[in-house]
Amino acid sequence: MTVDRARELFGSVAGVTVTAGIASVVAQVAPEHWEGAARFAKDTLGCAFFSFLTAIDWKADGLEIVAWVDNLDANLSIQLRTKLGAGQIACASLTGVYRGADWMERECYDMFGVQFAGHPGLRRILLADDWEGHPLLKSYAVDTPHPPYR
Amino acid sequence: MPEVRALDYHGSERLTMNMGPQHPSAHGVFRAILTLEGETVVGVDAVIGYLHRCHEKLAETLAYVQYPSIASKTDYVAAMSSELAYVMAAEKIGQFEVPKRAQYLRVLMGELQRIASHCLWLGTWCMDMGGALGGGATIFLYCIRERELVLDLFESLVGARLLYGFHQVGGVRYDLPEGWTTQCRSTVDLIEQRLGEYEAMLEDNPFFTMRTKGVGIVSKELAQDIGISGPLLRGSGINFDLRRNQPYSSYEDFQFRVPVETDGDCHARYRVRMVEFRESIKIIRQILDGLPEGPISSRPGVKSLAQVKVPKGEAYARVEGPRGEVGCYLVADGTNKPYRMKWRGASFSNLAVLPHILPGCSVADVVAIMGSVDPVFGEVDR
């Protein structure tokens, strides 16, 4: 699988726009095609290695989910991105495609409050269960008090 | 004819057992809620986060000149690799040049760090597996003795033994003091000689073989699906090493072998790391033989917070740390602080495999498997 071939194949998938960026293939995906795009990356492009999944808070523009997967044999990296839209926190879960997405999505929920539909057990992972708010949102101030600690 | 009494118990009762948060074999603060049927694990819930400091939020509030020394505190057993991942990400976005000497010094420290980290892993893992292995603490003390020699090298270089602050955007902060290379050569010579002693001590021991062979098998498919990396991935038969497949910091200049084992069990992971020790020593010798002269940084020493400004953009820097892929995904907005930073902790992803492989094991195997994963909780919880 060459980079050009992967770009060409991925570009023909519904809801996927291949753009220039930091990985061999950067795919901007429409939120409703998120899981399908990941499945295509794994099954057709051979990206079996799940590196990470996270989010970026673009303030007024809302959250963007970023995932990184690799085809280790072909040394091919794919960055998948999807913009959820302003005020939106719903996103499809990738746990059905990559089992590694389980903990990554739990962390993403913990830190950003993203609701991954279809996740088998979406709950906080790093913070305590009774923590209020989602710290990596830009609206969450660094010095937010958290009784009884501060 | 005596009366035969049969016990009406088939081991069908389930017991929930907390392993941790403070358990000597956890190598940190980790709680595994095990569901047991007799001695067999049938369910696992892993609870992490006890060491969470929200490094990622912290990175948004600290300037590029401040954060590298904090980055050490993610994986505090291999501080050099997390520092490197962060500065590499910033350098990628800003396209800052790194002088050849600095690149070689980064590789040199990375490999010394791998030796120190693997020493700690081998010692603690064998101690976990207990009395069967030469009195338990014997190999631990041997390994710690060797690790101290490497830490002495770091101390004479940067003045610190655990958290270094060695890297900066554009290069490194310290050059080798006089006599350092001689000390380094004699240290790696000594460690190389001792490695054979450890192997003889462990592999001739039937208890060690029994407790590691066929235990905690991770299949090739599961390994990639979870995203485990480093010695675990290579122990599961996948021939991938970032240092060779996606060379950074001039790794392409050095000759080394990437060990691969196909069994996927604790013993395979042990074998991979033992070979990595020797390959690291090989790389270190090549660097000491051919260390180029020249500046160690393309940028002046840190004087002010606004000194490093990174243009708008993003980068993902991945480093092959002792535990696997340490990744730093950085989004910059043109100021002196990152807009967003994501740590891809090797230990986090490696630990995520546990719920998939522990069911079916005995409680004693949980200890052996956990040690073979080599998690560092500073990096799991960040």
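In this text the structure is predicted, and so the values were computed from the model without any measurement.

What counts as what
- Residues numbered from 1 in each chain as written.
- Chains lettered and ligands numbered in written order.
- Predicted model: local features only at pLDDT ≥ 70, side-chain atom pairs only at ≥ 80, totals over all residues.
- Heavy atoms only, no water.
- Helix = DSSP H or I, 4+ residues; strand = E, 2+ residues; numbered from the N terminus.
- Buried < 20%, exposed > 50% of the residue type's maximum accessible area, 1.4 Å probe, protein only.
- Contact = heavy atoms within 4.5 Å.
- Polar contact = N/O pair within 3.5 Å; in protein donor to acceptor, adjacent residues only side chain to side chain.
- Phe/Tyr/Trp six-rings, centres within 6.5 Å; stacked < 30°, edge-to-face > 60°.
- Lys NZ or Arg CZ within 6 Å of the ring centre and 35° of its normal.
- Axes fitted to C-alpha atoms, helices over the stretch in contact; angles between N-to-C directions.
- Left-handed = near helix turned anticlockwise from the far one by under 90°.
- Buried area = accessible area lost by both parts, 1.4 Å probe.
- Salt bridge = Lys/Arg side-chain N within 4 Å of Asp/Glu carboxyl O.

Time to look at the environment of B:Gln246. Here B:Gln246 is to be found in the loop between helix H10 (242-245) and helix H11 (266-289). Judged by relative accessible area, B:Gln246 falls into the partly exposed class, the value being 22%. Along the primary structure B:Gln246 and B:Glu320 are separated by 74 residues, whereas in three dimensions their C-alpha atoms are 9.7 Å apart. Apart from the residues lying within four places of it in its own chain, the contact partners of B:Gln246 are A:Asp70, A:Asn75, A:Ser77, B:Phe240, B:Asp241 and B:Arg318. A polar contact is formed between the side chain of B:Gln246 and the side chain of B:Arg318, at a distance of 3.4 Å.

For any pair of aromatic rings, the description consists of the separation of the ring centres together with the inter-plane angle of the planes. Scanning the model with the defined rule gives 19 aromatic pairs over all chains in all. Note on A:Phe50 and A:Tyr98: the rings are 5.2 Å apart at their centroids and 35° apart in plane angle, and the pair reads as tilted. Note that A:Phe50 is positioned in strand E3 (residues 49-57) and A:Tyr98 in the loop between strand E6 (90-92) and helix H3 (101-112), a separation of 48 residues in sequence. With centroids separated by 6.1 Å and ring planes inclined at 35°, the aromatic side chains of B:Trp125 and B:Tyr270 adopt a geometry described as tilted. Of this pair, B:Trp125 sits in helix H4 (residues 100-128) while B:Tyr270 sits in helix H11; the two residues are 145 residues apart in sequence, bridging distant segments of the chain. For B:Trp125, a relative accessible area of 0% corresponds to the buried category. B:Tyr270 gets classed as buried once you look at its relative accessible area, which sits at 0%. Among the aromatic residues, ring-to-ring pairing joins A:Phe52, A:Trp68, B:Tyr316 and B:Tyr329 into one connected group. Taking the ring centre of B:Tyr339 as reference, the NZ or CZ of A:Lys138 above it sits at 4.0 Å. One Lys or Arg, B:Arg382, reaches over the ring of B:Phe348 and ends 4.9 Å from the middle of that ring.

Let's shift gears to the packing of helix H3 (residues 79-94) of chain B against H4(B). All names here are of chain B. In the contact formed by H3 and H4, the axes pass within 8 Å of each other and the chain directions differ by 150°. Seen along the crossing, H3 lies across H4 with a hand that is left-handed. Of the residues in H4, those touching H3 at Ala79, Met80, Leu84, Val87, Met88 and Glu91 are Arg106, Met109 and Gln113.

Glancing now at the interface of chain B and chain A. In this assembly, 43 residues from chain B lie in contact with 41 residues from chain A. Buried area between chain B and chain A, both sides added, is near 3600 Å², and the carbon and sulfur share of it is 56%. Area buried by chain B at its contact with chain A is led by B:Lys57, B:Asp225 and B:Tyr339, which between them contribute 19% of it. Summed over the shared surface of chain B and chain A, the number is 9 salt bridges. With its nearest N and O atoms 3.0 Å apart, the salt bridge here joins A:Glu107 to B:Arg382.

All names here are of chain B. Mapping Met80 onto the fold places it in helix H3. Sequence-wise, Met80 and Gln113 are 33 residues apart; in three dimensions their C-alpha atoms are separated by 6.7 Å. The contact partners of Met80, leaving out residues within four places of it in the chain, are Met109, Gln113, Phe154, Tyr164, Phe166 and His167.

That's the geometry; what it means functionally is another story.
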